[in-house]
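# Observations on the three-dimensional arrangement
One letter stands for each residue in the lines below.
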Amino acid sequence: MLKEKIDGFIKDSGFSDEPSSCALAIINPVNFSLINHTLGFETGNKIIVEMSNKIKNIIKSYDILARWEADKFAVFLKRLKFDEDALHIVNRILAVLSEPYMPDGGKKINISFNAGISLYPKDAGASQDMFDKAESALLNSRLKGENTVGFFKKEFEESARKKVELRNGLNEAMAKNQFVLHYQPYFDIKTGSIKGAEALLRWQRDGILTPPMEFIPFLEQSGMITKVENWIFGEVASKIKIWSDRGLNVVPVSVNISPASFGDPHIKDDIEAALGKNGIAPDLFNFEIVERTFIDNLEYSGRLLNYLKEKGFGLSIDDFGTGYSSLSYLAELPFDYLKIDISFVRKMLLDKHSRYIVETIIYLSKKLNMKSIAEGVEAEEQLELLKELGCDYIQGFLLSKPLEETKFEKLLGN
Ligand code: C2E
Ligand code: MG
Ligand code: MG
C-alpha cells in the first residue's frame, strides 16, 4: 500500500517540475520487544500510538506515515527542497520521539531510536529500492549508536548485505548442526603437562569455518547466544562423559560465557540440566568470563559466581587487564584463574611496560590464591620470560592451536 503510494507519487512528480527530491525514513525504536515483554502489549500499543502522534505533529499533512514491520515506522517525506532537509526533519522527529513516555501516568519510560534514510532520486528510483536502501541506512545508524540517523552509503551496502546474509545463515545454524567446538589446551609451564582446555565455538557451513569474532556479536545482538551457549554446556558435558568412559585422561574444560547468558535468569537451571544429565564432576567444568560481564552488576554477579563456586565449578577471568579492571572486585569474587590478555603477552618482549603489567598480574594472582594463565603464547622467548616471572600455565599456538575434537581426543589419550 505504502509502496504503491510512493511509486504513484514518484511517477506523477515526473510530470511536474516542482518537487526536487523526496526521502524515505525508517524509524526503529531500540529493543521495543522488551517493552512489550515487561509492560505488556496493551501498554506497548499505547506507546506506539503516542509515537505516531508525535511524528504526525512534525511532518506535513501531505507526507505519509505508516507502521512498518512489527515495530518500525516508515515516513515518506515529499517535496524536499534539498536532500539535507530530510536529515533535519528526521532529527526533529527523533528529538521528540526520545522524550520520555508515561503511558500509564506513572513511571517514565525512556526509549531510544535508530533511523535510516534513503533519498529519491539520489539513492533509488522506486519504492522497493528506497526501502532496501533505507534498511541499509538503518544498519548504518545502529553502528553509530542510539538516537542517530544513518544515510544510505554505497560502500556500506556491500557490508550490510554480507551482514544480512550472515544473520540469516545464523538463524539456521543451530537447526542445521553447523556449530562445532574446537578445544585449545593449556599447559603447566614447568612440567609441560596438560592442565585443561578451552572450548571455542566455530561455525561450519559449506566447507567454510567462520571464526567466533565474526559471528558472536550477531548472536549477542539477536539474543541467540544464550541458546547456543546452552548447547555448548550440554555438548561439553556429554563429551567429558564420553572421554571419561573411554578411559582418557580427562582435564577440566572451560567454556566462555557471554554477558547475555550470564545474566539470563535460567542460567543455573541450564547448567544443572546439562551437567546433571551426564553426571560429570563439576570440577571438570570451568567458566570463563570477561570483566564487562560482571562489572555492571556486582551484586548479582557475586551471588551467581558464589553459587557456581559452591557447586564446585572452576571460574576464570578472561582477557584480564583489558576491561574496566577494578581491583576491588578481585578480592570479593571467587575466581580461580586469571587469564592474562594476549595483548600484554604479545608486547611484553619489546615493551617494558607490558612486561611490568604481566609481572604484576602474576604477582597479584599468587597473592589472591589464583592460578595465572598466559594467553596467546607464540614464541619460545615468551615462554621463557613467563617462566621466569612465575606464571603458572600457558596457552597459545606455540604449544597447541585450538584442535578439532578428534585431535583433542588423541591428545587426551597420550
Ligand atoms: P578468548 O576466550 O580469549 O579465546 C582465545 C582466543 O585466542 C581464541 O580465538 C584462540 O584461538 C586465540 N588464540 C589462542 N592462542 C593464540 C595464539 O598463540 N596466538 C593468537 N594470535 N591467537 C591465539 P578464537 O577461537 O577466534 O576466539 C575468539 C574469542 O571469541 C574468544 O576469545 C572468546 O571471547 C570468543 N568465543 C569463542 N567461543 C565462544 C563462546 O562459546 N562463547 C562466547 N561468549 N565467546 C566465545
Ligand atoms: Mg576465553
Ligand atoms: Mg581470552
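Here the structure is a predicted model, which is why all the values come from computation and not from measurement.

In this section: the domain arrangement of the protein chain. Looking at the assigned domains, one finds that the protein chain contains domain 1 (2–152) and domain 2 (167–413). Here the C-alpha centre of domain 2 lies 43 Å away from the C-alpha centre of domain 1.

A surface patch of like charges, here negative, comprises Glu380, Glu381, Glu384 and Glu388. Relative to the assigned elements, Glu384 resides in helix H16 (residues 380–389).

Moving on: the packing of aromatic side chains. As enumerated under the stated definition, the model contains 16 aromatic pairs in all. Between Tyr183 and Phe408, the aromatic rings sit 5.0 Å apart at their centres with planes inclined by 15°, giving stacked as the arrangement. Here Phe408 lies in helix H17 (residues 405–413) and Tyr183 lies in strand S6 (residues 179–188), a separation of 225 residues in the sequence. Accessibility classification places Tyr183 together with Phe408 in one group, the buried group. Summarising the aromatic geometry, the rings of Phe285 and Phe287 are spaced 5.4 Å apart at their centres and angled 55° between planes, so their arrangement reads as tilted.

Scanning the entire structure with this criterion turns up 18 salt bridges. Glu69 serves as the salt-bridge partner of Lys72, at 2.7 Å between the closest nitrogen and oxygen. A residue is classified by how much of its surface remains accessible, and Lys72, at 9% relative accessible area, is buried. Glu69 sits in the exposed class, given a relative accessible area of 51%.

Next up on the list: the coordination of the magnesium ion (ligand 3). The protein atoms that coordinate the magnesium ion (ligand 3) are Asp318 (OD), Asp319 (OD) and Glu375 (OE), at distances of 1.9 to 2.2 Å. Sequence positions of the donors to the magnesium ion (ligand 3) reduce to the motif D-D-x55-E. Metal-to-metal, the separation of the magnesium ion (ligand 3) and the magnesium ion (ligand 2) is 3.8 Å; Asp318 coordinates the two. Taken together, the residues span a long stretch of sequence, with Asp319 in strand S11 (residues 314–320) and Glu375 in the loop between strand S13 (371–374) and H16 at a distance of 56 residues. For Asp319, a relative accessible area of 25% puts it in the partly exposed group.

Around ligand 1 sit 25 residues, and of these Arg202, Glu229, Asp318, Glu378 and Phe397 come closest. Taking Glu198, its side chain carries an N or O atom lying 2.9 Å from an oxygen atom of ligand 1. Here an oxygen atom of ligand 1 sits 2.8 Å away from a polar atom, N or O, in the main chain of Phe397. With the chains in place, 84% of the 800 Å² that ligand 1 exposes on its own is no longer accessible. Secondary structure elements with two or more residues in the shell around ligand 1: strand S7 (194–205), helix H7 (212–222), helix H8 (225–245), S11 and helix H14 (342–347). Examining the composition of the shell around ligand 1, we find that four residues originate from one element, S7, more than from any other. Residue composition of the shell around ligand 1, by class: 11 nonpolar, five polar and nine charged.

Bringing the coordination of the magnesium ion (ligand 2) into the picture now. When a metal holds four donors in a tetrahedron, each ideal angle between them is 109.5 degrees; when it holds six in an octahedron, the ideal angles are 90 or 180 degrees. Protein coordination at the magnesium ion (ligand 2) comes from Glu198 (OE), Asn256 (OD1), Glu288 (OE) and Asp318 (OD), with a distance range of 2.0 to 2.2 Å. Mapping the donors of the magnesium ion (ligand 2) onto the primary sequence gives the spacing E-x57-N-x31-E-x29-D. Relative accessible area serves as the criterion here: at 24%, Asn256 is assigned to the partly exposed category.

Looking now at the pairing of strand S3 (residues 72–80). Among the nine residues that make up S3, eight are buried, leaving the element largely enclosed by the rest of the structure. Here strand S1 (residues 21–29) runs beside S3; their pairing, made up of six bridges, is antiparallel. Within S3, the position partnered with Ser21 by the bridge is Leu80. Alignment of strand S2 (residues 64–68) against S3, held across five bridges, turns out to be antiparallel. Residue pairing for S3: Ile64 is matched across the bridge by Phe76. Counted between consecutive antiparallel strands, the loop separating S2 from S3 contains three residues, among which Glu69 sits at a positive phi close to 50°.

Analysis parameters
Residues numbered from 1 in each chain as written. Chains lettered and ligands numbered in written order. Predicted model: local features only at pLDDT ≥ 70, side-chain atom pairs only at ≥ 80, totals over all residues. Heavy atoms only, no water. Domains from an automatic or database assignment. Patch = residues over 30% accessible without salt bridge, like charges linked within 9 Å, V, L, I, M, F, W, Y side chains within 5 Å. Areas by Shrake-Rupley, 256 points an atom, 1.4 Å probe, with all protein chains shown as cover. Salt bridge = Lys/Arg side-chain N within 4 Å of Asp/Glu carboxyl O. Lys, Arg positive; Asp, Glu negative; His and termini not counted. Charge placed at Lys NZ, Arg CZ, Asp CG, Glu CD. Helix = DSSP H or I, 4+ residues; strand = E, 2+ residues; numbered from the N terminus. Phe/Tyr/Trp six-rings, centres within 6.5 Å; stacked < 30°, edge-to-face > 60°. Buried < 20%, exposed > 50% of the residue type's maximum accessible area, 1.4 Å probe, protein only. Donors = N, O, S within 2.8 Å, 3.2 Å for Na, K, Ca; no water. Near = heavy atom within 4 Å. Polar contact = N/O pair within 3.5 Å; in protein donor to acceptor, adjacent residues only side chain to side chain. Nonpolar A, V, L, I, M, F, W, Y, C, P; charged D, E, K, R; others polar. Pairing = 2+ DSSP bridges.

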